[in-house]
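Residues per chain are reported as follows:
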Amino acid sequence: MVRPLGLPFDPIERAGETWEKHFGPSSAMRAATSVFRVQQILLARFDEVLRPLELTFARYEVLVLLTFSRLGELPLKVIGSRLMVHPTSVTNAIDRLVAAGYVDRRPNPADGRGVLAAITERGRAVVEEGTAALTAIGFGLADLDEPDHEALFDTLRRVRLGAGDVAPGDDDTGS
């Protein structure tokens, strides 16, 4: 669990006040710093509910991606691309998921050097348990209501679009 700071003041707001004295407007700095802090909080909340399943959120994401795929398997290269992570991180996650019995790994028949990861029945069961646990805590955002969730997604999506995650207007629903 993330350690509550328990401070009598908001350190990000305080930093913003100091920033303004030295550099000028602080709204972008405060927003960016808040995103990083919220990421820490969310990951700690996710890890807390997934730990009993011997999962991290990163491994849970791999399992969900495999669950959503048409055949329950994907090349490691595709997993890395879809989850926006480095190939080494994918390999590490797959190694641990294989060891837990949640995923099988085999050569990709369409690519002699490639590797496929396939979710097992045990993996599908743990996705169900993990999803129930994460849903029960509102994916760590239970402090916000549904309109806040939508507004937050829309706001952060604009940043992602600006970074080129998805071409504007694209509907990235393919699997």
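Reading the values: rules and limits
- Residues numbered from 1 in each chain as written.
- Predicted model: local features only at pLDDT ≥ 70, side-chain atom pairs only at ≥ 80, totals over all residues.
- Heavy atoms only, no water.
- Helix = DSSP H or I, 4+ residues; strand = E, 2+ residues; numbered from the N terminus.
- Buried < 20%, exposed > 50% of the residue type's maximum accessible area, 1.4 Å probe, protein only.
- Contact = heavy atoms within 4.5 Å.
- Areas by Shrake-Rupley, 256 points an atom, 1.4 Å probe, with all protein chains shown as cover.
- Lys, Arg positive; Asp, Glu negative; His and termini not counted.
- Charge placed at Lys NZ, Arg CZ, Asp CG, Glu CD.
- Phe/Tyr/Trp six-rings, centres within 6.5 Å; stacked < 30°, edge-to-face > 60°.
- Lys NZ or Arg CZ within 6 Å of the ring centre and 35° of its normal.

Chemist: When you look at the overall build of the protein in this model, what are you seeing that I'm missing?
Modeler: Each helix and strand counted, the protein has seven helices and three strands in total. Written out in order from the N terminus, the α and β elements of the protein read α-α-α-β-α-α-β-β-α-α. Split into buried and exposed, the 175 residues of the protein put 27% on the buried side. Expressed as a percentage of contacts within the protein between residues at least 6 apart in sequence, the contacts between residues at least 24 apart total 51%. Counting every atom, the protein has about 11700 Å² of accessible surface; 57% of that belongs to carbon and sulfur. Charge centroids of the protein, computed over 20 positive and 25 negative side chains, lie 6 Å from each other.

Chemist: Is there a simple way to think about the packing of aromatic side chains in this case?
Modeler: For any two aromatic rings, the description comes down to two numbers: the centre-to-centre distance and the angle of the planes. Counting across every chain of the model gives four aromatic pairs. When the ring of Phe 46 is compared with that of Phe 139, the centres are 6.1 Å apart and the planes differ by 80°; the resulting orientation is edge-to-face. Highlighted residues: Phe 46 in helix α2 (residues 27-50) and Phe 139 in the loop between α6 (121-136) and α7 (146-162), separated in sequence by 93 residues. Owing to a relative accessible area of 7%, Phe 46 belongs among the buried residues under this scheme. Residue classification places Phe 139 among the partly exposed residues on the basis of a relative accessible area of 33%. Taken together, Phe 46, Phe 57, Tyr 60 and Phe 139 form an aromatic cluster joined through their ring pairs. A cation over a ring is seen here: Arg 14 above Phe 9, with NZ or CZ 4.0 Å from the ring centre.

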